[in-house]
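Chain by chain, the residues run as shown.
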Amino acid sequence: MSKPPAEESPKPRLSSELLDFVQEAYGIKAIGKPVVFKSSRNLNVRITTNDGSFVLRTYRAWITPKRLAAIQAARKALAAHGVPSAELQETTAGTSWTT
């Protein structure tokens with residue numbers, strides 16, 4: 001499992017470029033102003049669209065694809081057993097995350 005390096009990469013920040021990238025990758029259009037949630041490590045942003053609200057979670061650079069796949073598998077397993085959890089949204093390419 002990946003661990004944070006001795007000097008952790010900077011926390012991701014919301015930018016117009018990131019928001020544009022996410023909207024294109026997921027085929028959504030944000031309305032209103034995104035809301036950034038407080039978090040110590042990752043960037044969590046509520047994006048409101050005409051189809052509802054979504055939370056964009058952006059991890060720090062040291063999170064590997066293998067670790068992200070494990071995190072998502074755990075969330076899916078918990079949801080399948082009745083534990084309330086966020087539903088993963090697929091990109092327009094059919095994946096559950098993008099870089």
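As shown above, the structure is provided for reference.
Because the structure is predicted, anything quoted here is derived from the model rather than measured.

A. View of the overall build of the chain. The helix and strand inventory of the chain stands at 2 helices and 3 strands. Overall, the C-alpha framework of the chain stretches about 40 × 35 × 25 Å when taken along its three principal axes. Taking all contacts inside the chain whose residues are at least 6 apart in sequence as the whole, residues at least 24 apart take part in 46%. Only carbon and sulfur atoms are counted for the fraction: they give 56% of the accessible area of the chain, which is about 7,200 Å².

B. Geometry of the environment of Gly 94. Topologically, Gly 94 is positioned in the segment after helix H2 (65-80). Separated by 14 residues in sequence, Gly 94 and Ala 80 have C-alpha atoms that sit 20 Å apart.

C. Region of interest: the environment of Asn 44. Mapped onto the elements of the fold, Asn 44 is located in strand E2 (residues 43-49). Between the C-alpha atom of Asn 44 and that of Leu 18, which follows or precedes it by 26 residues, the distance is 12 Å. Each residue touching Asn 44, except ones within four places of it in the same chain, is listed here: Val 35, Val 36, Phe 37, Ser 39, Val 55, Leu 56 and Arg 57. Within the structure, the side chain of Asn 44 is placed 3.4 Å from the side chain of Ser 39, a separation counted as a polar contact. Looking at Asn 44, its side chain comes within polar contact range of the side chain of Arg 57, at 2.9 Å.

D. Quick peek at the sheet that holds E2. Strand order in this open sheet of 3 strands is E1-E2-E3, and the pairing throughout is antiparallel. A single partner strand is all that each edge strand has here, and the edge strands are strand E1 (35-37) and strand E3 (52-58). Strand-to-strand twist of the sheet, defined as the mean angle between neighbouring strand axes without regard to direction, takes the value 25°. The pairing of E2 with E3 spans 7 bridges and is classified as antiparallel.

Conventions and cut-offs
Residues numbered from 1 in each chain as written. Predicted model: local features only at pLDDT ≥ 70, side-chain atom pairs only at ≥ 80, totals over all residues. Heavy atoms only, no water. Helix = DSSP H or I, 4+ residues; strand = E, 2+ residues; numbered from the N terminus. Contact = heavy atoms within 4.5 Å. Areas by Shrake-Rupley, 256 points an atom, 1.4 Å probe, with all protein chains shown as cover. Polar contact = N/O pair within 3.5 Å; in protein donor to acceptor, adjacent residues only side chain to side chain. Pairing = 2+ DSSP bridges. Axes fitted to C-alpha atoms, helices over the stretch in contact; angles between N-to-C directions.

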